[in-house]
Amino acid sequence: MVPTLAGVVLLVFFLFKFFGGDPSQLLAGQVASQEQIDAIRRELGLDQPWWVQLGIFVREIVSFDFGKSWMTREQVSSIFLSRLPATLTITIPILLLEAALAIPTAMLVAYYRGTLLDRTVMAICVAAMSISFLVYIIVGQYVLGFQLGWFPVQGWSDSFWRNLVTYAPLPILLAALVGLAPQTRLYRSFFLDETKSDYVRTARAKGLSEPAIMRKHVLRNALVPVVTNVSLLIPGVFVGSFLLEIFFSIPGLGREIYLAVNRSDYPVIQAVTIYLSVLTMLINLAADVLYSFVDPRIQLR
Amino acid sequence: MAAVLEVTPENAWTALWRRLQQDRVGALCLGIVVAYLVMILFAAAGWLARGWSEEVGVPYANPGFLGDRPNLEAALQKGSQHKGVAPDLRNVDPLAPKYEEWAKRTGELKGTEAERSLTLPWGGDRWGRDVLDKAIKGSQVSIAVGVVAALCATLIGTLLGALAGFYGRWVNDGLEWLYNVFTSIPSILLIFSLAAVLRTGAFAHLFASGIWTVVIILAFTGWTGMYRLVRAEYMKHRSREYVLAAQAIGASAASRMFVHILPNVSHVILVQLSLLVVAFIKVEVILSFLGLGVPVDMVSWGTMLSEAQTELVIGKWWQLAAASVFMAIFLTAFSMLTDSLRDALDPKLR
C-alpha cells in the first residue's frame, strides 16, 4: 500500500507540476507586475527546484495542511469537513436503497430464468443503461419536481433532518433508479452461478421446493459476491455523485471539486484527489481484513 | 503414409460471422450500428447535416408535426426587432454629424436576410438551428470521440498488458504498481484532475481544438481494465506449446508477443474494446455537458443535453428527445451487439 500511495502522490505532483499551468500566473491574473508574480512564486516555493517542491507537497499532505483555496481563500481542510456531510446525506441512502431494490429483483428474475419475464426485465435493463444519467436527472427534476411539484426542484438547508426528508429524496430516488439496472444484471448472474452448483442439485434431489431452495440455499451463498460488490461501492460514497450535487445544488464534495476545476483551483483538486485515494485504499484494506475473518480460506499475504 | 486431413479448419472470423447470422437480435443490432456508422461517415463527408450550425428557422421553431403550437419566444423576438424607436439624441450626441454617413453605409451593407421557416422537421433550438441536423452531427462527434478514445486506451492497455504478462518478473512488478496507482485514484477525480490540468496547462494550446483533450482524458484513465485482461491472457499463453515452438524456430520476443499470441487473445480485446466504447461515449456526454468536453463551436450529444436542460423548462422538449433517442438507440444496439459478439467469439461461455 505504501508504494502505491507514493505513486499516487508522485502522479498528482508531476501531473500538476509539468502539465498544469503556472500557478503564479493563474493566481496573479492577466495584469500583474513582475514583482507580484515573483512574490507569489516565493510564497508558493516555485523558485525552488522541483525536488524541494515535492518535499513541500509531501509535508502538506502529511500535516493535513494544504493551505487556502486559491480562489475563495477558504482553508482546504475546512472544505472537507463542511462538504462531506451533505455528500454522505445522499450517498449512503442511495447505496442502501439500491441494494434493497436490486437484490430482490435479481433474485426474482433469476428464479424465473429463461422465461419471458426474465428476458423482458433484462432487455429493459440494457435499454435503461443506454440512457444517459443526465437524461434521468433532467427529466426527473422537470417532471417530479417542477411539473408535479412532489419534491422541491433543488435546495439545501442547515438541518440534517430537513435535508434528508425534504431535499434529498428526489436525488436519492433518481440515482437509485439509475443504479438499479446494472446492479440487477450483475446480481442476477451471481444468483445464476449458484443455481448451477452441486448443493442445489442435492437440495432438489431431496425434494425441496424451488422457492425454498432459492431462499435458504441460493440466497445465502449468492450474498457473498453481492456483499463484495457492495463493499467495492463504498469508497464511491465519499466522492459522491457530482452530477446530482450540481443539478440539485447540494453543497457536497463532488460539486466542490467540479467548481474547483472550473476556476483552476489546484490545491483543492490535489487535496481531494489524494485524500480520497487514501480513503479508498484504507476501505479496501479494511474489506480485505474483514474477509479473512469471515472466510478463513482467504489469506492475506 | 499418414492420412491427410481433408477438411480445412474454419477461420475464426468466418465462424464469428456464421454465428452472428444465426443470432437474430445480434444481426439486428449489427444493422443498426452499421446504419449509424454510414450516417456519421456521410456527416463527416459533408453530405448530411452540413448546415447544422446555420440558423435556418425561427428561434425554437416547432417540429413539423406540431406546426400550430404557439411559439411565444419567436414572436417576442420578431416583435422586438420592429418596435422600439431610438430616442433622438441629435442635439447632445457629439457624433451627430456622422449619422448621415453611417446611414449611407448601413444602406450599402444591408444584406438580404434569408426567410426563416416557422417549422423544422424535428424543431429548432434557441438560435433556430435544425435539431435533427444537430443530432446527426452530434452523433458523429460523440461516437468518433468514444471510438478513438477506446482505440487509444486499447493500445495502451494491450501494450502494457502484453509486456507485463509476457515478461513477468520486474516488468510485471513495475506495471502492476502503475496499475495500482491508477486504480486507487477514484476515476472521476483522475478525470477532473486531468481536465483541470489540460485546460490551463502548459500544453493547453496544443489541444486548442478541444476534442483531443477528451480523447486524452478518456484514454489516460480508461486503459486499466484492458491491461488487466490482456496481462492475464498473456500469462496463460506465454508457456503454451505453440509459443514454445515459435521460440524453438527462433522467433523473437516481439514476434512471439504480437504475431503469435496477439491473434489468439484478440477476441478478449475486441469485446473489451466495445465495452469501452459504450462507457466512453457515456463519459464524453457528461464531460461535454459540464463544459469540459467538446468545444462550444462543435455539437455533441452532451452539449445538446446541456442546452435542452433550460429549454425543457419553457416546454421545448424536442432537442432533449432527439439527443436522448439518438444516444439510447445507438448504445442499446452497441451493448447488445457486444453481448452477441462475446457469445459468438467464445461459445464455451454460453
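Residues numbered from 1 in each chain as written. Chains lettered and ligands numbered in written order. Predicted model: local features only at pLDDT ≥ 70, side-chain atom pairs only at ≥ 80, totals over all residues. Heavy atoms only, no water.

(A) Main features of a nonpolar patch on the surface. The grouping of Met1(A), Leu282(A), Leu285(A), Val289(A) and Phe293(A) at the surface amounts to a nonpolar patch, some 480 Å² of accessible area in total. Residue classification places Met1(A) among the partly exposed positions, given a relative accessible area of 42%. (Patch = residues over 30% accessible without salt bridge, like charges linked within 9 Å, V, L, I, M, F, W, Y side chains within 5 Å. Areas by Shrake-Rupley, 256 points an atom, 1.4 Å probe, with all protein chains shown as cover. Salt bridge = Lys/Arg side-chain N within 4 Å of Asp/Glu carboxyl O. Buried < 20%, exposed > 50% of the residue type's maximum accessible area, 1.4 Å probe, protein only.)

(B) Spatial organisation of the interface of chain B and chain A. Facing the 41 residues of chain B at the interface are 44 residues of chain A. Of the roughly 3,700 Å² buried between chain B and chain A, counting both surfaces, carbon and sulfur atoms make up 77%. Taken as a group, Leu189(B), Phe192(B) and Val197(B) account for 15% of the area that chain B buries against chain A, more than any other trio of residues on that side. Taken together, the links from chain B to chain A amount to 1 salt bridge. Counting only elements with at least two residues in the side of chain B that touches chain A, the list comes to helix 6 (169-184), helix 7 (187-200), helix 11 (253-289), helix 12 (301-313) and helix 13 (318-345) of chain B. Looking at the side of chain B that touches chain A element by element, the count peaks at 11 residues for helix 7 of chain B. Across the side of chain B that touches chain A, the residue classes tally to 28 nonpolar, 10 polar and 3 charged. (Contact = heavy atoms within 4.5 Å. Buried area = accessible area lost by both parts, 1.4 Å probe. Helix = DSSP H or I, 4+ residues; strand = E, 2+ residues; numbered from the N terminus. Nonpolar A, V, L, I, M, F, W, Y, C, P; charged D, E, K, R; others polar.)

(C) Local environment of the packing of helix 11 of chain B against helix 12 of chain B. Residue and element names in this part refer to chain B. Packing of helix 11 against helix 12 leaves a shortest axis separation of 7 Å and a crossing angle of 45°. In terms of axis orientation, helix 11 runs oblique to helix 12. Considering the relative orientation of helix 11 and helix 12, their crossing is right-handed. Contact with helix 11, carried on its side by Ile281, Val285, Ser288 and Phe289, involves Trp301, Gly302, Thr303, Leu305, Ser306 and Gln309 of helix 12 and no other residues of that element. Across the contact of helix 11 with helix 12, the residue classes break down as 5 nonpolar, 5 polar and no charged. (Axes fitted to C-alpha atoms, helices over the stretch in contact; angles between N-to-C directions. Parallel < 35°, antiparallel > 145°, perpendicular 65-115°, else oblique. Left-handed = near helix turned anticlockwise from the far one by under 90°.)

(D) Examining the pattern of salt bridges more closely. Residue and element names in this part refer to chain A. As enumerated under the stated definition, the model contains 13 salt bridges over all chains in all. The salt bridge partner of Asp198 is Arg201, with a shortest N-O separation of 3.6 Å. Residue Asp198 and its partner Arg201 are located together in helix 10 (residues 198-205), separated by 3 residues, close to a single helical turn. Relative accessible area serves as the criterion here: at 53%, Asp198 is assigned to the exposed category. Among the ionic pairs, Glu256 bridges to Arg263, the shortest N-O distance being 3.2 Å. Under the relative-accessibility criterion, Glu256 is labelled buried at 6%.

(E) Summary view of the packing of aromatic side chains. Counted according to the given criterion, the structure contains 18 aromatic pairs over all chains. Aromatic side chains Tyr111(A) and Tyr112(A) sit 5.0 Å apart centroid to centroid with 85° between the ring planes, which places their arrangement in the edge-to-face category. Classification of Tyr111(A) as partly exposed rests on a relative accessible area of 28%. You can call Tyr112(A) partly exposed: its relative accessible area is 38%. For the pair Phe182(B) and Phe220(B), a centre-to-centre distance of 5.3 Å together with 75° between the ring planes defines the contact as edge-to-face. Of this pair, Phe182(B) sits in helix 6 while Phe220(B) sits in helix 8 (residues 211-222); the two residues are 38 residues apart in sequence, bridging distant segments of the chain. Each member of the aromatic cluster is reached from another via a ring pair, and the members are Tyr36(B), Trp301(B), Phe326(B), Phe330(B) and Phe334(B). (Phe/Tyr/Trp six-rings, centres within 6.5 Å; stacked < 30°, edge-to-face > 60°.)

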